[in-house]
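# Topology and contacts: notes
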Amino acid sequence: MFSFIFRAIHGFFYEIGKYFLLLRLMIARPEKASMYWKETMRQMNDIGVGSLIIVCLIALFIGAVSAIQFAYQLEGTFVPLYYTGYIVRDMTIIELAPTITCLVLAGKVGSNIAAEIGGMRQKEQIDALEIMGVNTAAYLVMPKLIAAVIVIPMLVFLAAIVSIMGGYIAAVPTGMIGHDAYVLGLRSFFDPYNVFMMFVKALVFGFILTSVSSYQGYFVKGGSIELGRASTNAVVLSDVIILLADYFITLLMT
Amino acid sequence: MIRAVDIKKSFGDVEVLKGISTTFDKGKTNLIIGRSGAGKTVFLKILVSLFQPTEGQIFYEDTDITKLNKRQLIEIRKDIGMLFQGSALFDSMTVEENIRFPLDMFTNMTRKEKEDRVNERLEVVNLEGSNKKYPGEISGGMQKRVGIARSIVLNPKFLFCDEPNSGLDPKTSLVIDELIQQITVDNQITTVINTHDMNSVMEIGEKINFLHMGKLAWVGHKSEVLDSDNQLLQEFIFASPFLQRLRDKALGK
Ligand SMILES: Nc1ncnc2c1ncn2[C@@H]1O[C@H](COP(=O)(O)OP(=O)(O)O)[C@@H](O)[C@H]1O
Ligand SMILES: [Mg+2]
């Protein structure tokens, strides 16, 4: 029993140690800046353009559902109906856009990264790069991280806008709230600090999902079963850490 | 020349290599042979420092590479080319981009110079005109040849090949073997080849290291194989009754 607990704790710290080792190895002067640049561009395209549709779709519905829900609940209360716009805006900016978007991206981008790097490990492509003299931790992970911390905040910003639009589309044409009321709500009690917090969250979440997924792929062993497991672990672990980080950022920043 | 001194390697409690000392000569195709699981790949990966040995040293000329730090290792790796068992080509790049990759990463050659170098290497491996194909679109034998082209694009002094013939038919195997031998002799490279293919042993076995149960069981030239009275070697090379009959006939028994 004690040996089981000991092994579990040992395993936990061993993994954490390896994760930070990967991050440390990653920080090095690029062999060739232009090659890293090219790879970063490719990743920005993969992560950004490749995720546009799913991110917008989800944001649209989240905004729509929030608006309908709050318009319904505020009806017949002393809280004015125009609060709907205000609530949708702040919920989106503070919580829904960064967190939901990044949870979705952990599933889409994270699993993809783990599978790509893990596949390269298994097919000895990482060894091949090492033999050439490439710092694989840097070449395979850094461009992804840089791309992610640039593109994911942009995606989150877009998600916020689409979500607020979604709220409008769901509530205004259907006559639940008037155009003027919704817009008045959007313009009430606006605190730019919340937008700042949204970007902080997006940046941190983007870093988490990319680095955790890269880590899962980089150290994969064995065959296709292990690769599948690494890909799943990448998503689950990223999700859990994102939610924890969300909690702590909210605690620290509000 | 490469020299291995008393190399031992364990994974956990399992000792895979139990003290191997040998040399690999310049301008020759040096072979490491042995059954699947004998430890050939592990040994090769220790030779290129992808694995650290549990004990022992590896000398490249006079440098002990097991003592190098990461930066020194990267320096020495510029002189190393390696062909992997599954070719290890980058899936998202064309044949041309694969071969050009080391040039892109490590040289300041112009676009034209790189193009010429790539085409020249494609010619060496008889793949002229396959520039724009993707690894998924060509046969296993062609992938191996692209892998060879990529491994020699920076003019290495040391070339390592892990089972260059695995998964290929005997005819294609022979082409690959002869190609590697020709490159080795032409450029006076120190080449080390892992194989369990008995055709390769008899064709290009200029210095054969026979690995058995983690130990070096026999070392010699291909011309010495037939007459050797090493029982383990005989069982390994002439594994089938058919080959045994051929051997016995050749020896006039
Ligand atoms: N990374 C590793 N971890 C643990 N055991 C390994 C590892 N790599 C190889 N082995 C073991 O070492 C032995 C030799 O493997 P290998 O060198 O691949 O054989 P081969 O001669 O077929 O190339 C095998 O029993 C294998 O299971
Ligand atoms: Mg092997």
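As the structure is a prediction and not an experimental result, all values here were calculated from the model. (Residues numbered from 1 in each chain as written. Chains lettered and ligands numbered in written order. Predicted model: local features only at pLDDT ≥ 70, side-chain atom pairs only at ≥ 80, totals over all residues. Heavy atoms only, no water.)

## Quick look at the overall build of chain B
A count of helical and extended segments in chain B gives 10 helices and 10 strands. Split into buried and exposed, the 253 residues of chain B put 52% on the buried side. When the accessible surface of chain B is split by element, carbon and sulfur atoms take 49% of a total near 11,600 Å². Seen as two clouds, the 34 positive and the 35 negative side-chain charges of chain B have centres 3 Å apart. (Helix = DSSP H or I, 4+ residues; strand = E, 2+ residues; numbered from the N terminus. Buried < 20%, exposed > 50% of the residue type's maximum accessible area, 1.4 Å probe, protein only. Areas by Shrake-Rupley, 256 points an atom, 1.4 Å probe, with all protein chains shown as cover. Lys, Arg positive; Asp, Glu negative; His and termini not counted. Charge placed at Lys NZ, Arg CZ, Asp CG, Glu CD.)

## Overview of the sheet that holds strand S5 (residues 63-64) of chain B
Residues and elements named next belong to chain B. Strand order in the open sheet formed by 4 strands is S2-S1-S4-S5, and the pairing between neighbours is antiparallel. A single partner strand is all that each edge strand has here, and the edge strands are strand S2 (14-24) and S5. Sheet analysis places strand S1 (residues 2-11) next to strand S4 (residues 55-60), joined by 5 bridges and oriented antiparallel. If you follow valine 5 over to S4, its bridge partner there is glutamine 57. (Pairing = 2+ DSSP bridges.)

## Observations regarding the site of ligand 1
Residue and element names in this part refer to chain B. Around ligand 1, a shell composed of Phe11, Val16, Arg35, Ser36, Gly37, Ala38, Gly39, Lys40, Thr41 and Val42 is seen. Glycine 37 places a polar main-chain atom, nitrogen or oxygen, 2.7 Å from an oxygen atom of ligand 1. Here an oxygen atom of ligand 1 sits 2.6 Å away from a polar atom, N or O, in the side chain of threonine 41. The protein chains hide 58% of the 560 Å² of surface that ligand 1 would expose on its own. With 3 residues, helix H1 (residues 40-47) is the single largest residue contributor to the shell around ligand 1. For the shell around ligand 1, the per-class residue count stands at 4 nonpolar, 4 polar and 2 charged. (Near = heavy atom within 4 Å. Polar contact = N/O pair within 3.5 Å; in protein donor to acceptor, adjacent residues only side chain to side chain. Nonpolar A, V, L, I, M, F, W, Y, C, P; charged D, E, K, R; others polar.)

## Focus on the interface of chain B and chain A
Taken together, the 24 residues of chain B in the interface contact 17 residues of chain A. Carbon and sulfur atoms make up 62% of the surface buried where chain B meets chain A, a total of about 2,000 Å² over both sides. Summed over the shared surface of chain B and chain A, the result is 5 salt bridges. Its salt-bridge partner being lysine 45 of chain B, residue aspartate 127 of chain A comes within 3.2 Å of it at the nearest N-O pair. There are 8 residue pairs in polar contact (both at pLDDT 80 or more) connecting chain B and chain A. Residue assignment for the side of chain B that touches chain A shows that the elements contributing at least two residues are helix H2 (70-77), strand S6 (80-83) and helix H3 (95-106) of chain B. Per-element accounting of the side of chain B that touches chain A gives the leading share, 6 residues, to H3 of chain B. Classifying every residue of the side of chain B that touches chain A by side-chain character gives 14 nonpolar, 4 polar and 6 charged. (Contact = heavy atoms within 4.5 Å. Buried area = accessible area lost by both parts, 1.4 Å probe. Salt bridge = Lys/Arg side-chain N within 4 Å of Asp/Glu carboxyl O.)

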